[in-house]
Amino acid sequence: MARILVVEDEKRVAAAVRRGLEANGFAVDVALRGDDGLWMATENPYDVIVLDVMLPGMNGFRVCASLREAGNWTPILMLTAKSGELDEAEALDTGADDFLSKPFSYVVLVARLRALLRRGVRERPVVVEAAGLRLDPAARRVWRGDVEISLTAREFAVLEFLLRRRDEVVTKTEVLEAVWDYEFEGDPNNVEVYVKRLRQKIDAPFDTKTITTIRGAGYRVDSRS
Ligand code: CA
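Residues numbered from 1 in each chain as written. Predicted model: local features only at pLDDT ≥ 70, side-chain atom pairs only at ≥ 80, totals over all residues. Heavy atoms only, no water.

A. A look at helix α7 (residues 172-179). Among all positions in α7, only Val 175, Leu 176 and Val 179 are buried. Mapping the buried residues of α7 onto a view down its axis gives an arc of 100°, with all of them on the same face. (Buried < 20%, exposed > 50% of the residue type's maximum accessible area, 1.4 Å probe, protein only. Helix = DSSP H or I, 4+ residues; strand = E, 2+ residues; numbered from the N terminus. Arc of directions from axis to C-beta.)

B. Representation of the domain arrangement of the chain. Domain parsing of the chain yields domain 1 (3-119) and domain 2 (128-221). Relative to domain 2, the C-alpha centre of domain 1 lies at a distance of 35 Å. (Domains from an automatic or database assignment.)

C. Representation of the sheet that holds strand β8 (residues 141-144). Spatial strand order, β6-β7-β8-β9: four strands in an open sheet with antiparallel pairing. Lying at the two open borders of the sheet, with one neighbouring strand each, are β6 (128-130) and β9 (147-149). Direction aside, the axes of adjacent strands within the sheet are offset by 25° on average. Summarising the sheet, β6 and strand β7 (residues 133-136) pair through three bridges and their orientation is antiparallel. Across the sheet, Ala 130 pairs through a bridge with Leu 133, a residue of β7. Lying on the sheet, helix α6 (residues 153-164) is in contact with β6, β7 and β8; it crosses β7 at an angle near 115°. (Pairing = 2+ DSSP bridges. Axes fitted to C-alpha atoms, helices over the stretch in contact; angles between N-to-C directions. Contact = heavy atoms within 4.5 Å.)

D. Molecular detail of α6. With 12 residues, α6 extends 16 Å from end C-alpha to end C-alpha; this agrees with the ideal 16 Å at 1.5 Å per step. By the burial criterion, the buried members of α6 are Glu 155, Phe 156, Val 158, Leu 159, Glu 160, Phe 161, Leu 162 and Leu 163. (Expected span 1.5 Å × (residues − 1).)

E. Structural view of the packing of helix α1 (residues 11-23) against helix α5 (residues 106-119). Direction vectors running N to C along α1 and α5 enclose 65°, while the axes themselves pass 11 Å from each other. α5 is crossed by α1, and the crossing has right-handed handedness. Between α1 and α5, the residues in contact are Val 13, Ala 16, Val 17 and Leu 21 and Tyr 106, Leu 109, Val 110 and Leu 113, respectively. Its residues assigned to classes, the contact of α1 with α5 comprises eight nonpolar, no polar and no charged. (Left-handed = near helix turned anticlockwise from the far one by under 90°. Nonpolar A, V, L, I, M, F, W, Y, C, P; charged D, E, K, R; others polar.)

F. Inspection of the pairing of strand β2 (residues 27-31) at higher detail. Of the pairings in the sheet, the one linking strand β1 (residues 3-7) to β2 comprises five bridges and is parallel in character. Its bridge partner being in β2, Ile 4 is matched across the sheet by Val 28. Read as a crossover between parallel neighbours, the route from β1 over α1 to β2 is right-handed. (Right-handed = clockwise from strand over helix to strand, strands pointing away.)

G. Structural context of the coordination of the calcium ion. Within the protein, the calcium ion binds to Asp 9 (OD), Asp 52 (OD) and Met 54 (O); these donor distances fall in the range 2.1 to 2.3 Å. We note that the donor set of the calcium ion lies within a single chain, spaced as D-x42-D-x1-M. With relative accessibility at 3%, the residue Asp 52 sits in the buried group. (Donors = N, O, S within 2.8 Å, 3.2 Å for Na, K, Ca; no water.)

H. Molecular detail of the environment of Leu 32. Position of Leu 32 among the secondary structure elements: in the loop between β2 and α2 (34-43). Given the relative accessible area of 34%, Leu 32 is considered partly exposed. Not counting the four nearest positions on each side in its chain, Leu 32 is found in contact with Glu 8, Asp 9, Lys 11, Ala 14 and Pro 56.

Dropping the structure here:
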């Protein structure tokens, strides 16, 4: 029997969803707050999570992002507001697997949940947000605020590596090993060239300073720069 967590603060909706899902043979737990939902999802192995967006304690986007950051890839179906295109984009960005806009029919909800259960857990790289930048590894896109920045594949890979290791000093050798085929292109000058190009794209137009050169050691990106 599939075990489902429903995180929904409207008690009437939560109760109806529970009845509907139980009638379809699911075992259902309900959390009425976002923070409670996060805790339950962390403590118990669910097969799928139904997650409302607007919740007391912690909103659904934060719950979803927190689970993904912690390496929890339980399939999540997010309940978004009616005609909420932005909500839907954000739901997918934060690592939700599917979304359903309210009001929804239980037949559709059950069909979507069965599809997620069939598909199972699918690990995906998480969107990285630091130093005013937002980097989506799956879509290979990066933004500063609302402005999308166009990067080559190699520039993107260097930036992703630096952002994932943010607040640490990273050596040029580490960047080379992560981004280049070390044996064939093991020249640290390559890293300098790419860092310079990155600065021209992610910093110069915005009057920011994201990548700090640590003399004799390498580079560091500060989360809050
Ligand atoms: Ca709500």
